[in-house]
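Here is what each chain is made of, one letter per residue.
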Amino acid sequence: MRAARTWAARTTAAALVLGCLVAPHSRVTAAPVDDPAASTRTAAEGDHAAGSQIALHEPGQPVDASQLGGTGPTVPGIDVSSHQGDVDWPHWWEQGKRFAYVKATEGTGYRNPHYYQQYNGSYDVGMVRGAYHFALPDRSDGVAQANFFVDQGGGWSADGLTLPGTLDIEYNPYGEDTCYGLTPEEMVAWIRDFSETYHFRTGRWPMIYTSTLWWDGCTGRAGDFTATNPVWVARYAAEIGPLPHRWAVHSIWQHSSTPIDQNVFNGTMDDLVALARG
């Protein structure tokens, strides 16, 4: 694994791809991928939904939002990937869901073939929505994956309905090495490369989606992203439990995967819109 790049090298790599911040994109249109077959690969070849590996490694009991512990206001939402196909967004709006995260990409070769129906459809019914990227840190570096994510629709705009992109980093779905063969120091450097490149491209720091057990194990409780990156925690239980290392507060909690991945935002609707606006 290469040594961590300097910030100058990271920004230069990102600049070579675009050279400026991404333009606002309330609605997005399809962008090309290097591998035309990538958008039609099967789920087994490249579409792991947020938390799919966490559920395998950390089995729990998904609970309804009404059963969740804690105090304070929350906003209910969902996250989707190609497993849901074309989503009936008016239905989920009627169920009270007010935000959504949509899988855009995985690694540097997979794009969700339903992304635009899902991303634009959630926007059209009035949801605050954002995109997420499933990380494969053993396939390519964080700079390359952040650029691929932004190029394939994972950017950001200050319209009050677009959440910052999310880095979904969790258990390795393609092998037995939970941490993708990276040392804790290398993993922290990879995450920082992704985060700083995304920030350079969009002006926003990405949210980080993970579980406490995976994060603390694979980063070795090293690194501190709390000053820049909100955290979205997956834990299927009535209590959220300890947060990943250094975070004192979470932004989103994924508490259930049935009948669809369900989440609650930690705050009011005004707080959610403020996060979207940056």
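Our structure is the block above this text.
Let me begin by describing the structure that accompanies this report.

Looking at the overall build of the chain
When helices and strands are tallied, the chain shows 9 helices and 9 strands. Across the 278 residues in the chain, those meeting the buried criterion constitute 55%. Across the chain, the fraction of contacts at a sequence separation of at least 24, relative to all contacts at a separation of at least 6, is 74%. Working note: accessible area of the chain is about 11,200 Å², and carbon and sulfur atoms make up 53% of it.

Comments concerning the state of the cysteines
Enumeration according to the criterion identifies 1 disulfide in this entry. Between the sulfur atoms of C179 and its disulfide mate C218 the distance is 2.0 Å. Looking down the S-S bond of the C179 and C218 bridge, the torsion is -80°, so its handedness is left-handed. Placement of the pair is C179 in the loop between β5 (166–168) and α7 (184–202) and C218 in helix α8 (residues 212–218), with a sequence separation of 39 residues. On the basis of relative accessible area, C179 is assigned to the buried category, the value being 15%. A relative accessible area of 2% means that C218 is categorised as buried.

Quick word on the nonpolar core
One finds Y115, I169, M187, W190, I191, W214 and W215 to be the most contacted residues of the largest nonpolar core, which totals 48 residues. Broken down by element, this core gets its largest block of residues, 6 residues, from α7. Those residues in contact with Y115, other than ones at most four positions away along the chain, are V28, V102, K103, A104, N120, A131, Q152, G153 and G154. Ranked by size, the runner-up nonpolar core spans 19 residues in total, among them V75, Y132, W232 and L272.

Definitions and limits used
Residues numbered from 1 in each chain as written. Predicted model: local features only at pLDDT ≥ 70, side-chain atom pairs only at ≥ 80, totals over all residues. Heavy atoms only, no water. Helix = DSSP H or I, 4+ residues; strand = E, 2+ residues; numbered from the N terminus. Buried < 20%, exposed > 50% of the residue type's maximum accessible area, 1.4 Å probe, protein only. Contact = heavy atoms within 4.5 Å. Areas by Shrake-Rupley, 256 points an atom, 1.4 Å probe, with all protein chains shown as cover. Disulfide = S-S within 2.5 Å. Core = buried A, V, L, I, M, F, W, Y, C linked by side-chain atoms within 4.5 Å.

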